[in-house]
Amino acid sequence: MTNTPLVWVLKSAKNRFSEHICVIFVIYTGNKPNNCKIMSRLIIASNRLPVSIQKSGSEMTVSPSAGGLATGLKSYHKSNDSIWVGWPGVDANTSAEVQTITKLLKKEHCLPQFLNKDLIENYYDGFSNETLWPLFHYFTEYTVFKEEYWEAYKTVNEMFAETIMATAKENDTVWIHDYQLLLLPNILKTKRPDLHIGFFLHIPFPSYEVFRVLPWREEIIKGMLGADLIGFHTYDYARHFISSVKRLLGYDVEFNNITLEDRHVFIDVFPMGIDYDKFHNKALEIQSKPIQERSKEHQDIDRFLMGHPDRKLILSIDRLDYTKGIPERIKAFRHFLIQHPEYQEKVSLVMLTVPSRTDVEQYQHLRSEVEKLVGSVNGEFGSMGWNPIIYFYRSLPFDNLLELYSSANVALLTPLRDGMNLVAKEFIASKINGKGVLILSEMAGAYKELGEAIAVNPNNIPNVAAAIYKALTMDIDLQAKAIGVMQTRLRRYDVHKWASEFIKALEKTQVIQAENKSRLVSKKLLQEIKADFGKCSKRILFLDYDGTLQRFFGNPLDAKPDEELMTLLMNLKKDERSDVVIISGRDKTTLNQWFGDKGITLIAEHGAWIKLKDKEWKSRSHSNTTWKDNIRPILESYVDRTPGSLIEEKTHSLVWHYRKADIELGALRALEFKADLSNLLINQELEILEGSKVVEIKSTGINKGNAAQEYIQSREYDFIMAMGDDWTDEYLFRELPQETLSIKVGTNRSAAKYFVENHKEVRKLLQALIQ
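What counts as what
- Residues numbered from 1 in each chain as written.
- Predicted model: local features only at pLDDT ≥ 70, side-chain atom pairs only at ≥ 80, totals over all residues.
- Heavy atoms only, no water.
- Helix = DSSP H or I, 4+ residues; strand = E, 2+ residues; numbered from the N terminus.
- Buried < 20%, exposed > 50% of the residue type's maximum accessible area, 1.4 Å probe, protein only.
- Pairing = 2+ DSSP bridges.
- Right-handed = clockwise from strand over helix to strand, strands pointing away.
- Axes fitted to C-alpha atoms, helices over the stretch in contact; angles between N-to-C directions.
- Contact = heavy atoms within 4.5 Å.
- Core = buried A, V, L, I, M, F, W, Y, C linked by side-chain atoms within 4.5 Å.
- Salt bridge = Lys/Arg side-chain N within 4 Å of Asp/Glu carboxyl O.
- Phe/Tyr/Trp six-rings, centres within 6.5 Å; stacked < 30°, edge-to-face > 60°.
- pLDDT = per-residue confidence, 0-100.
- Expected span 1.5 Å × (residues − 1).
- Arc of directions from axis to C-beta.
- Parallel < 35°, antiparallel > 145°, perpendicular 65-115°, else oblique.
- Left-handed = near helix turned anticlockwise from the far one by under 90°.
- Nonpolar A, V, L, I, M, F, W, Y, C, P; charged D, E, K, R; others polar.
- Polar contact = N/O pair within 3.5 Å; in protein donor to acceptor, adjacent residues only side chain to side chain.

Draft legend 1. Representation of unusual backbone geometry in the model. Backbone geometry at glutamate 605 places phi at a positive 50°, although glycine is not the residue there. Looking at the secondary structure, you find glutamate 605 in the loop between strand S20 (601–604) and strand S21 (609–611).

Draft legend 2. Summary view of the pairing of strand S27 (residues 719–724). The buried fraction of S27 is high, at six of six residues. A two-sided burial pattern is seen for S27, the buried positions comprising Phe719, Met721 and Met723 on one face and Ile720, Ala722 and Gly724 on the other. Note that strand S18 (residues 539–543) and S27 share five bridges and pair parallel. Paired with isoleucine 540 across the strands is isoleucine 720, a residue of S27. In this sheet, strand S28 (residues 741–745) lies alongside S27 in parallel orientation, the contact comprising four bridges. Residue pairing in the sheet places glycine 724 in a bridge with lysine 744 of S28. Of the crossover connections in this fold, the one passing from S27 over helix H26 (residues 730–735) to the parallel S28 is right-handed.

Draft legend 3. View of the sheet that holds strand S13 (residues 347–354). An order of S14-S13-S12-S15-S16-S17 is seen for the six strands of this open sheet, with the pairing classed as parallel. Single-partner strands in this sheet number two, and they are strand S14 (389–393) and strand S17 (454–456). Ignoring strand direction, the axes of neighbouring strands in this sheet form an average angle of 20°. The sheet contact formed by strand S12 (residues 312–319) and strand S15 (residues 410–413) spans two bridges and is parallel. In the strand pairing of S15, leucine 315 is matched with alanine 411. The strands that helix H16 (residues 422–429) touches are S12, S15 and strand S16 (437–441); relative to S16, the one it contacts most, it runs at about 170°. Packing against the sheet, helix H17 (residues 461–472) makes contact with S12, S13, S15, S16 and S17, and its axis sits at approximately 170° to S17.

Draft legend 4. Representation of the nonpolar core in the model. Formed by 139 residues in total, the largest nonpolar core has its most connected members in Leu188, Phe205, Ile220, Ile230, Phe232, Phe241 and Leu438. Setting aside its immediate chain neighbours within four residues, leucine 188 contacts Ala161, Ile164, Met165, Val174, Ile176, Pro193, Leu195 and Ile197. Of all hydrophobic cores here, the second largest spans 39 residues; its members include Trp594, Trp609, Ile743 and Leu765.

Draft legend 5. Looking closely at the pattern of salt bridges. The final tally for this structure, using the stated rule, is 48 salt bridges. Between arginine 763 and aspartate 562 there is a salt bridge, and its shortest N-O distance comes to 2.9 Å. Of the two residues, arginine 763 is situated in helix H27 (residues 759–769) and aspartate 562 in the loop between S18 and helix H21 (563–574); the sequence distance between them amounts to 201 residues. Among the ionic contacts, a cluster of salt bridges with common partners joins Lys628, Asp629, Arg632 and Glu649.

Draft legend 6. Broad picture of the pairing of strand S2 (residues 51–56). Bridge analysis of S2 against strand S3 (residues 59–64) gives six bridges, and the strand direction is antiparallel. Across the sheet, residue valine 51 finds its bridge partner in S3, namely proline 64.

Draft legend 7. Structural context of the packing of aromatic side chains. By the definition in use, this model includes 39 aromatic pairs. When the centroid spacing of 5.3 Å and the interplanar angle of 50° are considered together, the rings of phenylalanine 127 and tryptophan 150 count as tilted. Residue phenylalanine 127 is found in helix H5 (residues 117–136), and its partner tryptophan 150 is found in helix H6 (residues 147–167); the two are separated by 23 residues along the sequence. A residue is classified by how much of its surface remains accessible, and tryptophan 150, at 4% relative accessible area, is buried. Taking the centre distance of 5.5 Å and the plane angle of 40° together, the rings of tyrosine 545 and tryptophan 594 count as tilted.

Draft legend 8. Examining the confidence of the model for the protein chain more closely. Predicted confidence across the protein chain gives a mean pLDDT of 88, with 92% of residues reaching 70 or more. Contacts of residues 1–39 to residues separated by more than four positions or lying in other chains number 159 contacts, the stretch itself having pLDDT below 50.

Draft legend 9. Spatial organisation of helix H18 (residues 476–492). For H18, with 17 residues, the first-to-last C-alpha span of 24 Å sits near the 24 Å given by 1.5 Å per residue. Within H18, the full set of buried residues consists of Gln479, Ala482, Ile483, Met486, Gln487, Arg489 and Leu490. The arc enclosing the buried residues of H18, seen along the axis, measures out at 165°, which places them on a common side. Exposed side of H18, more than 90 degrees from the buried face: Asp477 and Lys481 are the residues found there. Looking at the buried residues of H18, the elements they touch are helix H11 (276–287), H16, S16 and H17.

Draft legend 10. Spotlight on the packing of helix H23 (residues 628–641) against helix H24 (residues 663–680). Two elements in contact, H23 and H24, have axes whose closest approach is 11 Å; the angle formed by their N-to-C orientations is 160°. The orientation of H23 with respect to H24, classified from their angle, is roughly antiparallel. Helix-helix and strand crossings are classified by hand; for H23 and H24 the assignment is right-handed. Residue-level inspection shows Ile631, Ile634, Leu635, Tyr638 and Arg641 of H23 in contact with H24, the latter providing Leu665, Arg669, Glu672, Phe673, Asp676, Leu677 and Leu680. When its residues are assigned to classes, the contact of H23 with H24 shows eight nonpolar, no polar and four charged.

Draft legend 11. Region of the structure containing the packing of helix H9 (residues 217–224) against helix H10 (residues 235–249). With their axes 10 Å apart at the nearest point, H9 and H10 run at an angle of 120° to one another. Here H10 runs oblique to H9, going by the angle between their axes. Along this stretch, H9 crosses H10, giving a crossing that reads as left-handed. Residue-level contacts link Arg217, Glu218, Ile221, Lys222 and Met224 of H9 to Phe241, Ser244, Val245, Leu248 and Leu249 of H10. Tallied by class, residues from the contact of H9 with H10 come to six nonpolar, one polar and three charged.

Draft legend 12. Inspection of helix H13 (residues 326–339) at higher detail. End to end, H13 covers 20 Å across 14 residues, agreeing with the expected 20 Å (1.5 Å per residue, within 8%). For H13, the full list of buried residues reads Ile326, Pro327, Arg329, Ile330, Ala332, Phe333, Phe336 and Leu337. Buried positions along H13 lie against S12, S13, helix H14 (361–381), S14, S15 and H17.

Draft legend 13. Just the sheet that holds strand S24 (residues 653–657), in detail. Taken together, four strands build an open sheet; the order of strands is S23-S24-S26-S25 and the sheet is antiparallel. Taken across any chain shown, the strands that pair with only one partner, and hence form the sheet edges, are strand S23 (646–649) and strand S25 (686–691). If you compare each strand with its neighbour and ignore which way they point, the axes differ by 20° on average. Bridge count between S24 and strand S26 (residues 694–699): five bridges; the pairing is antiparallel. Across the sheet, the residue bridging to leucine 654 is isoleucine 697, located in S26. Packed onto the sheet, H23 meets S23, S24 and S26 and runs at close to 5° relative to S24.

Draft legend 14. Representation of the side chain of serine 578 in the model. Inspection of the secondary structure puts serine 578 in strand S19 (residues 578–583). Here serine 578 falls in the buried class, since its relative accessible area comes to 4%. For serine 578, the side chain forms a polar contact with the side chain of arginine 539, separated by 2.7 Å. In this view, serine 578 contacts Phe533, Arg539 and Leu572; residues no more than four positions away in its chain are not counted.

Written as structure tokens, this is what we have:
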């Protein structure tokens, strides 16, 4: 074990997808674009490197870290000319030391990111471990918010970005790891959009109600969204992240696909595991040794177990941290001894507690509390020949660790919150004889995979005590069956599989991003459009309003045209060769108020009304609207139950807006609303249209597509352009002639030929046409 959690967790890891976990895969069925270059080189970035620098006087040496990410990425790290960027763990006080360390690490394909003492204190000890660590583990009472911590965190993430960009070649792949570098993905994507970026979070991502207390919450989310693929250990963590994205930034999310203005970000689940063969084979080697050849520590364990025919050993291994639930575990063991006195003198709890952050007062208090509890239990129940709790405050060499794993009858692992907990998997891999029981906290990520373990709520002391009794009395055949199932799963999905699955998923996102990029209106394409626009004799532009010419507002009436937009439209229509048509879902009264006297053709309410320039409004629908009296009360009930929503009434439709409602409640209510309406609309000539945070009920047979098609039938055009942002504009894209230049605003799937990122890019494009 080691004092560098990320490296230890990753290197000793081995990952497996479990049938107990909902895993969403990125699937792409199209052809690979010609300009898509996959995995040219891999750059790994983490707070710590997989090797350590040791100083001895003026001499420096490199030694492998004990387990970690290098094990899982060894093949990629060597065969792909990859580079690992991270802090070397030592100070470089002179330029000569910098050169020496850099030279040593270069041989290991590593690149150091040097950090001074102040940055380590504020970025690592401060923001990473006093702000993010407790908050992401739900210990808000321990969370510290300091501006100097945040500034140091930003600085270090910028430093990592500069180091990576200095070495990254075009189209390289960067895989960023963990909570110390949450801002790095977006910094890199902004400065080097050619890079393919993956990010994996090794700790829990908290629920929105916890995450929202962070003063820099939007910056953290935006930082992570710089990645093309974001990985989590469990679906719960992914779900919490997606919830925060929707609530804080308002982006549309479809399954595991987050739609940004210019690209897509994919979320996926990659539950991490261990190097199964390493642990299993070592356990075989240790258990096959004759007793006299075993280590002193192993012989001590053997003597303890053989001292009484019914003697049992319960194992507990943790880094000393308030998230691990160590005091609660001791209390549960005490409760067990009280409830089952027949196990006194027969069972001992071996507690291996690895020192952590020994200079932090909070951790010093925790150590004191743990040692007092251990002393109390041993004083209450112990005897001359038996200690109920055998307590170690230190790390153990790998061989000694395996001796404990293979000898223990029960593993008691009850963290209050844990991203994964690889110790649970190491214990299972080491049980070569099929004997042993795992007691595992429901709050550990590994619980999602190891469903055959005895699950406990670590806060429920009697529940944990009962689980101990159940484990000690479990039938041998049941133990072997559970161990066998879990071993099969862990062997199949090891850390190598974890790394390879993540890289494969990242490659798939690269294909999708490249396909999207090929549809983006580039500078070259814009020049071609401008040339066609200039040489045509008659042209028409069908322009949606909300989300296309103007951004969305919480109150629809606030979206009136600004001076820039009005000037742009007036300049477009000056040329007598140009017809400008605003085709919108807006009601005719509002469109008339804004554009009625501007000499622009208006098509309102998705095609129900049309107003030729300088003419009166004309209805294209002659349907009966008495249905509104039956539908309106339903809309009113949803407004009452969905704070922030409102009803808009148009001539031929009713609209329910929920843009200002809670984003998740609004989406839930919209699904419920559509289900209720679908039953009511049977045998009625009505249809449901769903736009951006709106649901509209209208008469059938009227849409933007047939309205636009009808308009151009009696006119000759040699240039037709259509622009829109939501699925109601898909009618427009599909029904206009094949030669139409159709442009979608946003990157959602569309029948349009091309896309632009947002309404600002729409205005830039239109402005370019008349320059």
